[in-house]
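A closer look at the structure
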Amino acid sequence: MIQIDALPAFSDNYLWLLQDVNRRECAVVDPGDAAPVEQWLQAHPGWKLTDILVTHHHADHVGGVARLKSETGARVLGPSSEKIPARDVALNDGDHVEVLGLGFEVIHVPGHTLGHIAYFHADANQPLLFCGDTLFAAGCGRLFEGTPAQMYDSLSRLAALPDPTQVYCAHEYTLSNLRFACAVEPENPDVRARFEEVTRWREQGKISLPSSIGLERATNPFLRVSEISVKKIADERSGQETRAPEEVFATIRRWKDQF
Ligand code: ZN
Ligand code: FE
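Here we summarise the structure given alongside this text. Bear in mind the structure is a predicted one, so any value in this text is a computation, not a measurement.

Some points on the coordination of the zinc ion (ligand 1)
Coordination of the zinc ion (ligand 1) by the protein comes from His56 (NE2), His58 (ND1), His112 (NE2) and Asp133 (OD), over a distance range of 2.2 to 2.3 Å. Coordination at the zinc ion (ligand 1) is irregular: its four donor atoms span angles of 86 to 170 degrees at the metal. The motif formed by the donor residues of the zinc ion (ligand 1), counted along the single chain, is H-x1-H-x53-H-x20-D. The metal-metal distance between the zinc ion (ligand 1) and the iron ion (ligand 2) is 3.3 Å, with aspartate 133 serving as a donor to both. In this pair, histidine 58 sits in the loop between β4 (48-53) and α2 (59-62) while histidine 112 sits in the loop between β8 (102-108) and β9 (117-121), placing the two residues 54 residues apart along the sequence. Both residues of the pair, histidine 58 and histidine 112, belong to the buried class.

Right, dumping it as structure tokens:
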């Protein structure tokens, strides 16, 4: 039985803490800061941090890795093609790893950074996805290193995962993403309903995650670039006829950068 909690860090990061309640072992995803994990371990005596999963090299995702590794001896897993502090296991697309007894498939998702990876646990009841800064709730990461076509391909692979897959991304950006989603698809009732729901949650100080692949397919404009309505507004923005979905994606991503 695995329990997953968010440890907030910085202004809007979440460090995901996976807990095997029976074995009293835990793993953390993208610890940009060691302190929240140290505090959790102090408050839970007898627990052991066994694994640190890293999605990409940005400081808000790796800043606490070296310290946690030296304090706990946890195994550090991360993408093979990026510089990850204290990495023990270098991962490539298609690799399989076991963490807390759960099997994860590694999916290479270039775009935000070139080596970015996501961790997918296929499970009939509760599939899990840890996707860092690639797929956000109602949005996607900025293109710091990759091309729009790369990010479009990466998001398409994630969108093809089963609808019930729980999506654990690394930032609380959902409300501002939904404001943009409303601008892209003003007529989409699912987007409007989610905007109102997340507005309420955030007013109550509640976290908006995890999301699910099914919900993202219905409300995330970056997964909906093949919809006629999204193509139409992209054409209006760019002043030209966009043909391929990756061109629509590029236009929408540029728009969001200035939104
Ligand atoms: Zn990042
Ligand atoms: Fe980040």
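Overview of the sheet that holds strand β14 (residues 211-212)
The strand order across the open sheet formed by six strands is β7-β8-β9-β10-β13-β14, and the pairing between neighbours is mixed. Of all strands in the sheet, those with a lone pairing partner are β7 (96-99) and β14, marking the two edges. Inspection of the sheet shows strand β13 (residues 166-169) paired to β14 by two bridges, in the antiparallel sense. From the neighbouring strand, valine 167 faces β14, where its bridge partner is serine 211. In the packing of helix α4 (residues 148-159) onto the sheet, contacts are made with β8, β9 and β10 (128-132), and the angle to β8 comes to roughly 150 degrees.

Regarding the sheet that holds strand β3 (residues 25-29)
Taken together, the six strands give an open sheet; going across it, the order is β1-β2-β3-β4-β5-β6, and neighbouring strands pair in mixed fashion. The open sheet has two edge strands with one neighbour each: β1 (2-9) and β6 (89-91). Neighbour to neighbour, the strand axes of the sheet diverge by 20 degrees on average, direction disregarded. Bridging between strand β2 (residues 13-20) and β3 involves five bridges; their strand directions are antiparallel.

Quick look at the pairing of β10
Among the five residues of β10, five are classified as buried, and the element is accordingly described as predominantly covered. The two faces of β10 match: Leu128, Phe130 and Gly132 on one face and Leu129 and Cys131 on the other face are all buried. Taken together, the three bridges between β9 and β10 define a ladder with antiparallel strand orientation. Bridging from a neighbouring strand, tyrosine 119 pairs with phenylalanine 130 of β10. Counting the residues between successive antiparallel strands, the hairpin from β9 to β10 contains six residues.

Digging into the coordination of the iron ion (ligand 2)
Protein coordination at the iron ion (ligand 2): the donors are Asp60 (OD), His61 (NE2), Asp133 (OD) and His171 (NE2), at 2.1 to 2.3 Å from the metal. Taken together, the four donor atoms surrounding the iron ion (ligand 2) define angles of 84 to 166 degrees at the centre, an arrangement classified as irregular. Mapped onto the polypeptide sequence, the residues donating to the iron ion (ligand 2) form the spacing pattern D-H-x71-D-x37-H.

Quick notes on the pattern of salt bridges
This structure, assessed with the given rule, holds 16 salt bridges. For the salt bridge of aspartate 163 with arginine 217, the shortest nitrogen-to-oxygen distance reads 3.7 Å. Of this pair, aspartate 163 sits in the loop between α4 and β13 while arginine 217 is found in helix α7 (residues 213-219), placing the two residues 54 residues apart along the sequence. The partly exposed category is assigned to aspartate 163, whose relative accessible area is 43%. Arginine 217 gets classed as partly exposed once you look at its relative accessible area, which sits at 42%. Between lysine 231 and glutamate 241 there is a salt bridge; the shortest N-O distance is 3.4 Å. With lysine 231 in helix α8 (residues 228-238) and glutamate 241 in the loop between α8 and α9 (245-258), this residue pair connects regions lying ten residues apart in the sequence. Take lysine 231: its relative accessible area is 23%, and that puts it in the partly exposed class. Here the salt bridges do not stand alone but share partners, grouping Asp20, Arg23 and Glu25 into one network.

Focus on the pairing of β13
Where β10 meets β13, four bridges bridge the pair, whose relative direction is parallel. Considered in β13, the bridge of phenylalanine 130 is made with tyrosine 168.

Conventions and cut-offs
Residues numbered from 1 in each chain as written. Chains lettered and ligands numbered in written order. Predicted model: local features only at pLDDT ≥ 70, side-chain atom pairs only at ≥ 80, totals over all residues. Heavy atoms only, no water. Donors = N, O, S within 2.8 Å, 3.2 Å for Na, K, Ca; no water. Tetrahedral: all angles 85-135°; square planar, octahedral: opposite > 155°, others 65-115°. Helix = DSSP H or I, 4+ residues; strand = E, 2+ residues; numbered from the N terminus. Buried < 20%, exposed > 50% of the residue type's maximum accessible area, 1.4 Å probe, protein only. Pairing = 2+ DSSP bridges. Contact = heavy atoms within 4.5 Å. Axes fitted to C-alpha atoms, helices over the stretch in contact; angles between N-to-C directions. Salt bridge = Lys/Arg side-chain N within 4 Å of Asp/Glu carboxyl O.

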